[in-house]
Amino acid sequence: QVQLVESGGGLVQPGGSLRLSCVVSGSIFSIKSMGWYRQAPGNQRELVAAITGGGSTNYADSVKGRFTISRDNVKNTVYLQMNSLKPEDTAVYYCNFNVQIRRWGPLYDYWGRGTQVTVSS
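Residues numbered from 1 in each chain as written. Predicted model: local features only at pLDDT ≥ 70, side-chain atom pairs only at ≥ 80, totals over all residues. Heavy atoms only, no water.

(A) Local environment of the nonpolar core. Formed by 30 residues in total, the largest nonpolar core has its most connected members in Trp36, Leu80, Met82, Tyr93 and Phe97. Element by element, the count of residues in this core is highest for strand β9 (residues 91-100), at five residues. Excluding anything up to four places from it in sequence, Met82 contacts Gly16, Ser17, Leu18, Leu20, Arg66, Phe67, Tyr93 and Val117. (Core = buried A, V, L, I, M, F, W, Y, C linked by side-chain atoms within 4.5 Å. Buried < 20%, exposed > 50% of the residue type's maximum accessible area, 1.4 Å probe, protein only. Helix = DSSP H or I, 4+ residues; strand = E, 2+ residues; numbered from the N terminus. Contact = heavy atoms within 4.5 Å.)

(B) Examining the sheet that holds strand β1 (residues 3-7) more closely. Pairing within the open sheet is antiparallel, and its four strands lie in the order β1-β3-β8-β7. For this open sheet the edge positions go to β1 and β7 (67-72), each flanked by a neighbour on one side alone. Each strand of the sheet is rotated relative to its neighbour by a mean of 15°, with strand direction disregarded. Sheet topology note: the β1/strand β3 (residues 18-25) ladder contains five bridges and is antiparallel. The residue bridging Glu6 from the neighbouring strand is Cys22, located in β3. (Pairing = 2+ DSSP bridges. Axes fitted to C-alpha atoms, helices over the stretch in contact; angles between N-to-C directions.)

(C) Up close: unusual backbone geometry. Non-glycine residue Ser84 carries a positive phi angle of around 50°. Structurally, the position occupied by Ser84 is in the loop between β8 (77-82) and β9. The class of Ser84 is partly exposed, set by a relative accessible area of 40%. Phi at Trp104 takes a positive value of approximately 70°, unusual for a residue other than glycine. By the secondary structure assignment, Trp104 is in the loop between β9 and β10 (107-111). Relative accessible area serves as the criterion here: at 76%, Trp104 is assigned to the exposed category.

(D) Highlighting the environment of Gly15. Tracing the backbone through its elements, the reader meets Gly15 in the loop between β2 (10-12) and β3. Accessibility expressed as a relative area gives 52% for Gly15, which makes it exposed. Distance in space between the C-alpha atoms of Gly15 and Pro87 is 9.2 Å, their sequence separation being 72 residues. Excluding residues within four positions of it along the chain, Gly15 makes contact with Ser84 and Leu85.

Quick look at the structure:
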């Protein structure tokens, strides 16, 4: 069974930094893409950053220049380095993996349970 476990959330002051990690476990054939989403109270879940198997990245305009997504293919882990954090970055952050369980099989989306990031003085 595929599982995603996030870590690294917490409370930080404005202007501070946090690094989120998400590791996938279970039997998978390949990972097409990895991503981070966030959801603040009263808001819809939104894409923060994504990275493909080839290393192409995509960022929400609100985090460009402040956040960096990266991956470790050996460890099956995706990271989100968040710098210059703002109060409006406060949300629950979820990681997402788009994977193939077996060769020639369909793609599946898996989600972590989320980690809280709070930016406040």
